[in-house]
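Structural characterization, general
Residue strings, one per chain:
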Amino acid sequence: MGKVVLVTGVARQLGGRFVRRVQRDPEVDRVIGVDAIPPEHHLGGADFVRADIRQPAIARVLAEYGVDTVVHMDVTGTPLGSGGGRASVKETNVIGTMQLLGACQKSPTVQRLVVKSTTSVYGSAPRDPAVFGESTPPKSLPSGGFAKDAVEVEGYVRGFARRRPDVAVCVLRFANILGPSADSPLSEYFSLPALPTVLGYDPRLQFVHEDDVVEVLRIAAHDPRRGTLNSGTFNIAGDGVLLLSQCARRLGRPTVPFLLPAVRWVGSALRTVGVTDFSPEQIRLLTHGRVVRTAQMRETLGFDPKYTTAETFEDFARSRGGGLLPPDVLARTVDRAAGRVAGLARVVRPRSDVSPSAESKERI
């Protein structure tokens, strides 16, 4: 018998894509997709079980199918569809994870657990280090929202790993996930006709492509390849970084700078009218940014992303179409303005090739 893999959160596009991908692996014998809502997309030959992971019934699903690998993807920052809100999302993230881990702890067949987490656990603060490693403690823990949920989820996962040392546990901290079918608060923000920004700040951002997310989840769900180890905690992100201003230019969308208090008011207004979930944690990200180190992803996990951060954003931008300003025209305009500023700086710069005495004589 091959592996029996249970995947949570399959009603979302990313969960559905992973289910379809892992079914093609010769090591996998059966895939069970679990969600409280039936998916609108096709799950291939997987078995779908309509179950709420917040309920104890998830333990019966593990026992009935003899599951040996659990991939927990139902940790997210946005509600599915129009139903539910922040309260239901938090319950699914935190209470759902507790119930699932409790069921895994009691199951004698579970041998591997993979948890989809986020680099948001590091927070975003003005005194943060330039680059976060997996063991770098945050200067300021997230105080709310999805980031706080993820911190709690990882705490429960560490407790489970101590209680079941025989189970291989892998936590994948993903940078902001983007791609043609990305569904996240940040993708909604980048889809706005004009991007509200914080005056005086141009944060560094990292992205990971949804194709790479599916592939690294597949690697984590299997036994480690020779020379690698897929148990532990890993940062997952594409190479390189982009400034928020560069993202706006590549989208062809103008930025509208506000003072920080005004940005909070704008975010609250956007949430009220349902345009986008412009949460306080997202405002902090768009103020201070966040960059993570990915050496362990390559050296230990053995995963090399197909897309860089820039390539990920380029693919996302193509799927969203042009903005108010053509990206090439906007780029030329900004570059021309930057060139004029640089030229002006050269004109007003003191001449370094003239000695002070010669300058005095010249003035006389």
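The coordinates are above.
Below or above, wherever it landed, is the structure these notes cover. Per chain, residue numbering runs from 1 following the sequence as it is written. Totals for whole chains, interfaces and linings use every residue, but because this is a predicted model, local features are given only for residues with pLDDT of at least 70 and side-chain atom pairs only at 80 or more, for both listing and counting. Only hydrogens and water are set aside when side-chain values are computed; all heavy atoms of the structure are taken into account.

What about the overall build of the chain?
Secondary structure assignment for the chain yields 13 helices and 13 strands. Contacts are residue-level and defined by heavy atoms, with any inter-residue pair within 4.5 Å sufficient. Across the chain, every contact between residues at least 6 apart in sequence was considered, and the portion connecting residues at least 24 apart equals 80%. Computed with the Shrake-Rupley method and a 1.4 Å probe, the accessible areas treat only the protein chains shown as cover for residues. If you sum the accessible surface of the chain, you get close to 17,500 Å²; carbon and sulfur atoms cover 54% of it. Only DSSP runs of H or I with at least four residues qualify as helices, and only runs of E with at least two residues qualify as strands; both kinds are numbered from the N terminus onward.

So, the nonpolar core
Counting residues in hydrophobic clusters, the biggest one holds 37 residues, and the most contacted among them are Val 7, Phe 18, Val 71, Leu 172, Leu 217 and Ile 236. If you list the elements that add at least two residues to this core, you get strand 1 (3–8), helix 1 (13–22), strand 2 (28–35), strand 6 (168–174), helix 6 (210–221) and strand 11 (232–236). Broken down by element, the residue count for this core peaks at seven residues, all from helix 6. In this view, Val 71 contacts Val 5, Leu 6, Val 7, Thr 8, Phe 18, Val 114, Leu 217 and Ala 221; residues no more than four positions away in its chain are not counted. Take the buried residues of types Ala, Val, Leu, Ile, Met, Phe, Trp, Tyr and Cys, join any two whose side-chain atoms come within 4.5 Å, and each joined set is a nonpolar core. Exposure classes here rest on a 1.4 Å probe applied to the protein chains alone. A residue is buried below 20% of its type maximum, exposed above 50%, and partly exposed in between. Residues Val 49, Val 157, Val 167 and Val 171 belong to the second largest nonpolar core, which totals 28 residues.

Digging into the sheet that holds strand 6
Strands are treated as partners if at least two bridges between them are detected by DSSP. Here seven strands make up an open sheet; going across it, the order is 3-2-1-4-5-6-11 and the pairing parallel. Whereas interior strands pair on both sides, the edge strands pair on one side only; in this sheet they are strand 3 (47–50) and strand 11. Neighbouring strand axes in the sheet, compared pairwise and without regard to direction, differ in orientation by 20° on average. One ladder, built from four bridges, connects strand 1 with strand 4 (residues 69–72); its direction is parallel. Bridge pairing in strand 4 links Val 5 to Thr 69. Every axis in this analysis is a line fitted to C-alpha atoms, fitted for helices over the stretch in contact. Angles between the N-to-C directions lie between 0 and 180 degrees. Against the sheet, helix 1 engages strand 1, strand 2, strand 4 and strand 5 (112–118), with an angle of about 165° to strand 2. Where helix 2 (residues 58–65) meets the sheet, it contacts strand 1, strand 2, strand 3 and strand 4, and its direction lies at approximately 165° from that of strand 2.

Quick notes on helix 7 (residues 244–251)
Those residues of helix 7 not exposed but buried are Leu 244, Cys 247, Ala 248 and Leu 251. Projected down its long axis, helix 7 carries its buried residues within an arc of 100°, all on one side. Gly 252 sits one or two residues past helix 7 and shows a positive phi near 75°. Here the arc refers to the directions that run from the helix axis out to each C-beta atom.

Side note on the pattern of salt bridges
In what follows, salt bridge is the name for a side-chain nitrogen of Lys or Arg lying within 4 Å of a carboxyl oxygen of Asp or Glu. Applying the stated criterion to the full structure yields 19 salt bridges. Across the salt bridge formed by Asp 304 and Arg 298, the nearest N and O atoms sit 2.3 Å from each other. Here Arg 298 falls in the partly exposed class, since its relative accessible area comes to 30%. Here Arg 318 ties to Glu 314 by a salt bridge, and the two come within 3.2 Å at their closest N and O atoms. Taken together, the positions of Arg 318 and Glu 314, both in helix 11 (residues 309–320) and four residues apart, correspond to about one turn of that helix. You can call Arg 318 exposed: its relative accessible area is 55%. Owing to a relative accessible area of 46%, Glu 314 belongs among the partly exposed residues under this scheme.

Let's talk about the pairing of strand 8 (residues 195–198)
Of the two faces of strand 8, the one lined by Leu 195 and Thr 197 and the one lined by Pro 196 and Val 198 are each fully buried. Bridge count between strand 8 and strand 13 (residues 255–258): four bridges; the pairing is parallel. Across the sheet, residue Leu 195 finds its bridge partner in strand 13, namely Thr 255.

Some remarks on a nonpolar patch on the surface
A contiguous nonpolar patch, built from Ile 95, Met 98 and Tyr 156 and spanning about 240 Å² of accessible area, is present on the exposed surface. By the secondary structure assignment, Met 98 is in helix 3 (residues 86–106). Patches in this entry comprise residues that are over 30% relatively accessible and not in a salt bridge; like charges within 9 Å are linked, as are nonpolar side chains (Val, Leu, Ile, Met, Phe, Trp, Tyr) within 5 Å.

Topic: the environment of Ile 37
Residue position: Ile 37 is located in the loop between strand 2 and strand 3. Judged by its relative accessible area of 40%, Ile 37 falls in the partly exposed class. Separated by 13 residues in the primary sequence, Ile 37 and Arg 50 place their C-alpha atoms 6.6 Å from one another. Once residues lying within four places of it in the same chain are set aside, the contact partners of Ile 37 are Ala 11, Phe 48 and Leu 80.

What about the packing of helix 7 against helix 11?
Two numbers describe how helix 7 lies on helix 11: the axes approach to 10 Å, and their chain directions differ by 35°. Crossing of helix 7 over helix 11 shows right-handed handedness. Contacts from Cys 247, Arg 250 and Leu 251 of helix 7 reach helix 11 at Ala 310, Phe 313, Phe 316 and Ala 317. Considering only residue class, the contact of helix 7 with helix 11 consists of six nonpolar, no polar and one charged. Each helix crossing is assigned a hand: it is left-handed if the near helix lies turned anticlockwise from the far helix by less than a right angle, otherwise right-handed if that turn is clockwise. In this count, Pro and Cys sit with the nonpolar residues alongside Ala, Val, Leu, Ile, Met, Phe, Trp and Tyr, while Asp, Glu, Lys and Arg are called charged and the others, Gly among them, polar.

Some remarks on the packing of helix 3 against helix 4 (residues 145–163)
For the pair helix 3 and helix 4, interaxial distance at closest approach is 10 Å and the crossing angle is 5°. Comparing the axis directions of helix 3 and helix 4 gives the class roughly parallel. When helix 3 is examined against helix 4, the residues Arg 86, Lys 90, Asn 93, Val 94, Thr 97, Met 98, Leu 101, Cys 104 and Gln 105 are found in contact with a partner set consisting of Gly 145, Phe 146, Asp 149, Glu 152, Val 153, Tyr 156, Val 157, Phe 160 and Arg 163. A class-by-class count of the residues in the contact of helix 3 with helix 4 yields nine nonpolar, four polar and five charged. An angle below 35 degrees is treated as roughly parallel, one above 145 as roughly antiparallel, one from 65 to 115 as roughly perpendicular, and anything else as oblique.

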